[in-house]
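Summary of the model geometry
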Amino acid sequence: MSPTINNISISTLFLLTNFIFLIWAIKSSPELISRSNFPNGFVFGTASSAYQFEGAVNEGNRGESIWDSFSRLPGRILDFSNADVAVDQYHRFESDIQLMKDMGMDAYRFSISWPRIFPNGTGEPNPEGINYYNNLIDALLVKGIQPYVTLYHWDLPQALEDRYEGWLSNQVIEDFENYASTCFKAFGDRVKYWVTFNEPRGYCIQGYDLGVQAPGRCSFVGHLICKKGKSSTEPYIVAHNILQSHAAVYRNYQKNYKVHIRMTPPFTLIFTRYNLHALIFILKIIKDNKST
C-alpha cells in the first residue's frame, strides 16, 4: 500500500502534479518540444521490444517464449490477443526504418529475442535468427540510425522455464551470459550500445508478485489467479538472479569485448512522458539563462 498524506496516496499526488505541470508547460510554450531545446549530441530515438513488434513467431526457426505461452492462458489477456503477428517488423523492418529516417530519428533501441537466437534457450545459435538481426542492424546503419540493443525484454525461452523455472534458478545466469556473448560476437562489430535488461523491477513484480505478466506467477488469493508462485519470495529471487546475470555479462564484456563495444546504460528504466516534458522545460530554462 502506498504511503498517504491526508488520505491521498503519494503516487496519486505525483501523477496529479505531473499532469498539472504538463498542461501548464504546453499552454505556456506551444513550441516547447524542439531539437533546439536540447544540447548538442542529444540522441533522439524510438524503441521497441521483440515480442511486441516482430511477430513471425513460427518463422525463422524461432523457439517459443514465456510470453507466447502466457498470452494463450485463458483470462490473462483482456481482449484475447497475442503477438503472433504484432506490427510484423520481422517482414517490414525496412519500411519501418525508412519511417524512422523520415521522422529524423538518430537511434533505434530494439531488443533481441532470446528464443530467436537460441530456440531451446541454449545449444547452437540459430543461423536464421542471427541473419535477421544482421539484416536489421545493417539496414539501420545504411540510413544513419544507430542501433541500441537490449538483450532481455522479458521474453525468456519457454524451454528454460520448463527446464528449471527460468529466472528462479541460478542456472539462468550461465545461460544468459552465453546468450549475451553470442550476441556480442555476432553483432558487436556494428552495435556499440548495449543494455542488459529492460525494466527489471517491472518484470520481477508483474511476473512473480502480481502475476499479471509472463510467466504469470503469484500466490495471493490462494492461487486463484495463478496456479504457481510465491509472491513473498519469488520476486526477490528473480531480482537477485537478474543482478547476478548482469554482473556476469558485464565482467565478460570487460574482459573480452570492451575495446569494441560500449555497454550503457546497464538497465533501461521507466521514463514517462511527463518527466520528458519536465526535462525539456529545464533544458529550456538553462538555455535561456545562458543566452542572457
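What comes next concerns the included structure. Quantities reported herein were computed from a predicted structural model and do not represent experimental measurements.

**Considerations on the nonpolar core**
In terms of nonpolar packing, the biggest core is built from 57 residues, with I112, W114, Y152, W167 and F187 touching the most fellow members. With eight residues, helix α8 (residues 171–187) is the largest single contributor of residues to this core. If we ignore the near neighbours within four places in the chain, the residues touching I112 are A50, I117, Y133, V149, T150, L151, D155, Y179, C183, F187 and W194.

**Here we look at the pairing of strand β5 (residues 146–152)**
Counting buried positions over the seven residues of β5 gives six, a clear majority of the element. Taken together, the five bridges between strand β4 (residues 107–111) and β5 define a ladder with parallel strand orientation. The partner of F110 across the bridge, within β5, is V149. Note: β5 against strand β6 (residues 193–198), four bridges, orientation parallel. By the bridge assignment for β6, V149 is matched with W194.

**A closer look at the packing of aromatic side chains**
Tallied over the entire structure, the rule returns 28 aromatic pairs. When the ring of F38 is compared with that of F44, the centres are 4.9 Å apart and the planes differ by 75°; the resulting orientation is edge-to-face. On the accessibility criterion, F38 (8% relative accessible area) is buried. Relative to F197, the ring of W167 has its centre 5.5 Å away and its plane inclined at 70°; by these criteria the two rings are edge-to-face. Of this pair, W167 sits in the loop between α7 (158–164) and α8 while F197 sits in strand β6, and the two are 30 residues apart along the sequence.

**Thoughts on the side chain of D88**
The residue D88 is located in the loop between α3 (66–71) and α4 (89–103) in this model. Within the structure, the side chain of D88 is placed 2.7 Å from the side chain of H91, a separation counted as a polar contact. Beyond its immediate stretch of four places on either side in the chain, D88 contacts F53 and E54.

**Observations regarding the environment of F220**
Residue position: F220 is located in the loop between α9 (200–208) and α10 (234–256). Accessibility expressed as a relative area gives 32% for F220, which makes it partly exposed. Separated by 11 residues in sequence, F220 and D209 place their C-alpha atoms 8.5 Å apart. Apart from residues lying up to four places away in sequence, F220 is in contact with D209, L210, I225 and S231.

**A closer look at the side chain of R217**
Examined against the element boundaries, R217 turns out to sit in the loop between α9 and α10. In this structure the side chain of R217 is engaged in a polar contact, spanning 2.8 Å, whose partner is the side chain of E234.

**Comments concerning helix α6 (residues 127–142)**
Look at α6: 22 Å from first C-alpha to last across 16 residues, which is about the 22 Å you get at 1.5 Å a residue. Taken together, the buried positions of α6 are occupied by G129, I130, Y132, Y133, N134, L136, I137, A139 and L140. Summarising the contacts, the buried residues of α6 are in contact with α2 (50–53), α4, β4, α5 (114–117), β5 and α8. With its phi angle positive at about 75°, G144 sits one or two positions after the end of α6.

**As for unusual backbone geometry**
Across the junction of A214 and P215, the peptide omega takes the value 5°, indicating a cis bond. Inspection of the secondary structure assignment puts P215 in the loop between α9 and α10. Even without a glycine there, the phi angle at N61 is positive, about 60°. Residue position: N61 is located in the loop between α2 and α3. By relative accessible area, N61 is classed as partly exposed at 49%.

What counts and what doesn't
Residues numbered from 1 in each chain as written. Predicted model: local features only at pLDDT ≥ 70, side-chain atom pairs only at ≥ 80, totals over all residues. Heavy atoms only, no water. Core = buried A, V, L, I, M, F, W, Y, C linked by side-chain atoms within 4.5 Å. Buried < 20%, exposed > 50% of the residue type's maximum accessible area, 1.4 Å probe, protein only. Helix = DSSP H or I, 4+ residues; strand = E, 2+ residues; numbered from the N terminus. Contact = heavy atoms within 4.5 Å. Pairing = 2+ DSSP bridges. Phe/Tyr/Trp six-rings, centres within 6.5 Å; stacked < 30°, edge-to-face > 60°. Polar contact = N/O pair within 3.5 Å; in protein donor to acceptor, adjacent residues only side chain to side chain. Expected span 1.5 Å × (residues − 1).

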